[in-house]
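Understanding the architecture of this molecule
Here is how the chains run, residue by residue.
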Amino acid sequence: MKRAPAKKQAASPMRAVATTTHKKAVRRKPKPKASKKVTPGKILKYSFLLLVISFIVAAGYQYRHGFLYYLGFKTNKRIEAITKEEKKIASLRLYEIVARHKDKVFGIDVSHYQGKINWDSIDRTKGEFPLDFVFIRSTAGIDDDTQFDRNWSEAKKGGFMRGAYHYYRPNENSLKQAENFIKTVKLGKGDLPPVLDIEKIPSEQSMDSLKSGLKRWLDKVEKHYGVKPIIYSGESFYTDFLKQEFEGYNLWIANYSFFEDEIRKEWLFWQFTDKGGIKGIDGSVDVNIYNGSLFELEKLRIQ
């Protein structure tokens, strides 16, 4: 007998599923990018650049008025008195200082270092910015300034309020220096008070000895003229060596710092540059600001 062929078994549903299931694709993780190392050199480089940029921004803001003057966006009339003809002062600091002191009084100081000044060529009333005063060096130690007599008389003819200053030499006798100043300078009504110029540390005596000599000079000169002298010095020299012992004296301070652009309330006069240019004077000249109005400067004159 022939056997009937066996029936095929139906495939199991679970098996069918199993055979048709695909494997999930495996995603490869991207390789991390190599990070750039921050070295001390790069930190220093970027810190320096940041410092330079900050300095430029700060300077630009500090001297924004000066930039405007320099670029010609504002009138140039107010600086004509401290410039040579057809020439602007290159320093933005000078423009800024002029712009900030429109209510103050400007002047110069001279000595034989300016040579023979052509006083007739100095137009002190030109524009909006007149030069109203001049301090003239009369003596240096026990010596005379060779241009004093001429400068003294010509300044008066030119209409300047004039004052005389003595350059103090630390290693010379203080009383002899005072006597030399008194002999040379005849102050009268309308002149500015006498000035003692002290700038150098002594090489042959102590600072205490220098201060004693300065006090002797000041006392002798004040007694002779009947008016308290003014002290001229550099800001650092005055602060470091003279401030405590010479309080009560009017100050004329020299400070040319880039970031010093306004006169301080404790300064009667401020010498803010030694690079002024004026028609009639060869080379550079010191320019100063009086810390007050013209009326107040008039009151400072010897009565």
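Our subject in this report is the structure included herewith. These numbers were taken from a predicted model, which means no experiment stands behind them.

A word on the overall build of the protein chain. A tally of regular secondary structure across the protein chain gives 9 helices and 9 strands. Taken over 303 residues, the protein chain has a buried fraction of 43%. When contacts within the protein chain are restricted to residue pairs at least 6 apart in sequence, long-range pairs at least 24 apart make up 69% of them. Of the accessible surface of the protein chain, which amounts to about 19,000 Å², a share of 54% is contributed by carbon and sulfur atoms.

Relative to each other, helix α6 (residues 174-184) and helix α7 (residues 207-225) sit at 30°, their axes nearing to 8 Å. In terms of orientation, α6 and α7 fall into the roughly parallel class. The two elements α6 and α7 cross, and the hand of that crossing is right-handed. On α7, the residues touching Ser174, Leu175, Gln177, Ala178, Glu179, Phe181 and Ile182 of α6 are Gly213, Arg216, Trp217, Lys220, Val221, His224 and Tyr225. Looking at the contact of α6 with α7 residue by residue, the classes come out as 7 nonpolar, 4 polar and 3 charged.

What follows deals with the pattern of salt bridges. Within this structure, the stated rule accounts for 14 salt bridges. Asp143 serves as the salt-bridge partner of Arg169, at 2.7 Å between the closest nitrogen and oxygen. On the criterion of sequence distance, the pair formed by Arg169 in the loop between β4 (161-167) and α6 and Asp143 in strand β3 (residues 143-144) is long-range, its members being 26 residues apart. For the salt bridge of Glu235 with Arg264, the shortest nitrogen-to-oxygen distance reads 2.8 Å. Highlighted residues: Glu235 in helix α8 (residues 235-242) and Arg264 in the loop between β7 (251-254) and β8 (269-276), separated in sequence by 29 residues. Since its relative accessible area comes to 18%, Glu235 is described here as buried. A residue is classified by how much of its surface remains accessible, and Arg264, at 27% relative accessible area, is partly exposed.

As a further point, take helix α5 (residues 148-157). For α5, the complete set of buried residues consists of Phe148, Asn151, Trp152, Glu154 and Ala155. Contact partners of the buried residues in α5: β1 (105-110), β2 (131-140), β4 and α6. Where α5 ends, the next residue or the one after it, Gly159, has phi of about 85°, a positive value.

Looking at where Gln177 falls in the secondary structure, it is placed in helix α6. With relative accessibility at 0%, the residue Gln177 sits in the buried group. Side chain to side chain, Gln177 and His166 meet in a polar contact 2.9 Å long. For Gln177, the contacting residues outside a window of four places in its chain are Gly141, Ile142, His166, Tyr167, Tyr168, Arg169, Glu172 and Trp217.

The rules behind the values
- Residues numbered from 1 in each chain as written.
- Predicted model: local features only at pLDDT ≥ 70, side-chain atom pairs only at ≥ 80, totals over all residues.
- Heavy atoms only, no water.
- Helix = DSSP H or I, 4+ residues; strand = E, 2+ residues; numbered from the N terminus.
- Buried < 20%, exposed > 50% of the residue type's maximum accessible area, 1.4 Å probe, protein only.
- Contact = heavy atoms within 4.5 Å.
- Areas by Shrake-Rupley, 256 points an atom, 1.4 Å probe, with all protein chains shown as cover.
- Axes fitted to C-alpha atoms, helices over the stretch in contact; angles between N-to-C directions.
- Parallel < 35°, antiparallel > 145°, perpendicular 65-115°, else oblique.
- Left-handed = near helix turned anticlockwise from the far one by under 90°.
- Nonpolar A, V, L, I, M, F, W, Y, C, P; charged D, E, K, R; others polar.
- Salt bridge = Lys/Arg side-chain N within 4 Å of Asp/Glu carboxyl O.
- Polar contact = N/O pair within 3.5 Å; in protein donor to acceptor, adjacent residues only side chain to side chain.

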